[in-house]
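# Remarks on the overall topology
This is what each chain is made of:
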Amino acid sequence: MTLIATQSLTKTYGGRVTALADLTVAVEPGIIGLVGANGAGKSTLIKILLGLIAPTSGQVSVLGIDPTADPAAVRNRVGYMPEHDCLPPDLSAAELVTHLGRMSGLPRTAARERASEALRHVGLYEERYRPVGGYSTGMKQRVKLAQALVHDPDLLLLDEPTNGLDPAGRDAMLALVHRIGTEFGISVLVCSHLLGEVERICDTLIAIDGGRLLRADNISAMTTATDVLAVEVSEGTEELAARLAELKLPVARDGRLLLVPLADDGTYDLILGAVADLDLPLHRLDQRRHRVAELFATRELTHA
Amino acid sequence: MPEPSTTTARQTPTGVIHDIGYQRYEGPRLGRRQVFGALYLHGLRTAFGFGRSAKAKIFPWLVVGIVTLVAVALAAIRSQIGEPVATYAQFADSMSWLVIFFVAVVAPELVSRDLRSGVLPLYFSRPLPRSDYALAKLLALATALWLLLGGPQLLMFLGAAFTTKQGMRGVWNELLDLLPGLLYAGLWAVVFASVGLLVASLTGKRAFAAGGVVAVFLMTTPIVGVLSILPSRAANELAGLASPSTLVQGVGIWSLGDLLVEGDQGGPSIGGFGPVYALAAVLLVAGATALLLARYRKVAS
């Protein structure tokens, strides 16, 4: 089954600002990363998927339902975690999540049970009875995630879940999202402007820029390129490149670095031998994986 | 795929997350009507500060205390002197200031708080339609106001019914007096709830919302005052239309007659404009509700 499918989806505001332009994409269930710079149209896409705003043109379907025709049916099966602060400071997490569970149609006792379950799954225990106003940013993000989970959706739409978190908090949140996607059997669409972040946990990646699709593909298809060795010498880069080419190694230049595909351990010996022969000062020699970021390097996505 | 979970344990101060597995929910999911009911009841509880901090309970219950005290006093005096000091409708009228302050506190509590905290996207990303949110809050506020006025009226009725000297016939007559009083209280509730909630829904700042509600209800009274001393009889008789409180009184005078004003004593004269007052009240409630719904079509999208 196709999880999310759009066909020539376009959204313009006031006929002038284009948020989404002719976006056609289809993704299978799993963890989907939606990356793009701020203003690339990520939040607009999420709001269209929820049926909160109508597209200017094009078709969209979520879990096989058209959100423009039947938004309630979509929202019944989708959980949404907004980007911005959305928690009343004077309510406790338990009260808030229970209430929102009821708003999703859970009966009273079921809402209370599911609320404490959801809060437990995101790692909030006794503190759930304290007012949210006193929570750290990390705890607030967890409450926002719990309220999206409380009604047991089939799809979670997470808008910048790691926003405002420190590196450890980011890792914890990403681990949580990964667990939800793999162990809970719930598909997740994670929005982020940090590609390096979502590529660690996603099965599929959708990259958009200026409302246009850059690429949508299975992440393994994007990262299967072989590992490469990066060589840096303080001087004589040209000579080394020529020598390595003589040794039948396909060398690529990347600034001051020479990139050599890693075939086997023999590649190390060949490079070290060449450096020693030329008597060059070796600065570094290390292995690096192809990052998805390289696929979009020219777009400067990661710096947005 | 690298697993970032090694840092989870270090980050979570409460320790390792013990995974006893995620359970899918297989139970019933309620429909739109039950969700509306749940939101309505939640709003009604919020109006009286239930499920809220002690601070949020102070003002609503202060008002409830005062109106109850007045009702008990009226019932006690009546049982002593044997005739009513104030009819049920007159009681509702004389409590109008307290109703205004109750609205000024409760309406912001119901809607401004949600606007301020940005929680609305969490509601609107759920199946519940936006209009249901606004109508459930409106209905909750109207019910709260009706209970505020109707509860003490019921106390007065009980006091009268137990001290009547005419047996069952006395109780029956008393009941016939009570019912119009309860309807009149309902009119107060609907008019004040619709206008008050609309004003409060315009801002997320509770203090501004409360000030706005008081301003709309009280600042309009001087207009009534000016109109009622103009040298034109029609202007005088239509003056009450300018303010919600006098508008409600006008409808009361027209529909209840001597249950509200006895003979010539006090009360503004509305001449033959009773139906105009009734129509104005209906239009006011309908207009305020329509604007409220329009407001919630736009907000937080």
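The structure displayed is predicted, hence computed values, not measured ones. (Residues numbered from 1 in each chain as written. Chains lettered and ligands numbered in written order. Predicted model: local features only at pLDDT ≥ 70, side-chain atom pairs only at ≥ 80, totals over all residues.)

### Focus: the overall build of chain A
Tallying secondary structure elements over chain A gives ten helices and 13 strands in all. Classification of the 304 residues of chain A by burial places 46% in the buried group. Counting contacts in chain A only where the partners sit at least 6 residues apart, residues at least 24 apart contribute 69% of the total. (Helix = DSSP H or I, 4+ residues; strand = E, 2+ residues; numbered from the N terminus. Buried ≥ 20, exposed ≤ 12 C-beta atoms within 10 Å, placed from the backbone. Contact = placed C-beta atoms within 7 Å.)

### Regarding the UniProt feature "transmembrane region" (unreviewed entry) in chain B
All names here are of chain B. If you check UniProt for "transmembrane region" (unreviewed entry), the listed places come out as residues 58-77, 97-115, 135-162, 182-200, 207-230 and 276-294 in our numbering. As a span, residues 135-162 carries 100% helix and 0% strand, and end to end its C-alpha atoms are 39 Å apart. Taken as a whole, residues 276-294 contains 100% helix and 0% strand, while its terminal C-alpha atoms sit 26 Å from one another. (UniProt positions renumbered as here; feature names shortened; annotations may be inferred.)

### Things to note about the sheet that holds strand S2 (residues 17-27) of chain A
Strands belonging to one sheet form pairs held by backbone hydrogen bonds; the direction of such a pair is parallel or antiparallel. Residue and element names in this part refer to chain A. The three strands lie next to each other as S2-S1-S4, forming an open sheet whose pairing is antiparallel. Single-partner strands in this sheet number two, and they are S2 and strand S4 (57-62). The sheet shows a mean angle of 20° between the axes of neighbouring strands, taken without regard to direction. Of the strand pairs in this sheet, strand S1 (residues 4-13) and S4 are connected by five bridges, and their pairing is antiparallel. Paired with alanine 5 across the two strands is serine 61, which belongs to S4. (Pairing = 2+ DSSP bridges. Axes fitted to C-alpha atoms, helices over the stretch in contact; angles between N-to-C directions.)

### Some details on the interface of chain A and chain B
Of the residues lining the interface, 41 residues belong to chain A; the matching set on chain B comes to 38 residues. Among the elements of the structure, helix H2 (71-76), helix H3 (93-103), helix H4 (108-121) and helix H6 (167-182) of chain A are those that each provide at least two residues to the side of chain A that touches chain B. Among the elements that make up the side of chain A that touches chain B, the one with the highest residue count is H6(A) (six residues). For the side of chain A that touches chain B, the class distribution of residues is 21 nonpolar, nine polar and eleven charged. (Nonpolar A, V, L, I, M, F, W, Y, C, P; charged D, E, K, R; others polar.)

### Side note on the environment of B:Ala75
Tracing the sequence through the fold places B:Ala75 in helix H3 (residues 54-81). Sequence-wise, B:Ala75 and B:Leu158 are 83 residues apart; in three dimensions their C-alpha atoms are separated by 8.5 Å.

### Details of the domain arrangement of chain A
In terms of domains, chain A is made up of domain 1 (4-222) and domain 2 (228-288). Here domain 1 of chain A and domain 2 of chain A have C-alpha centroids that lie 44 Å from each other. (Domains from an automatic or database assignment.)

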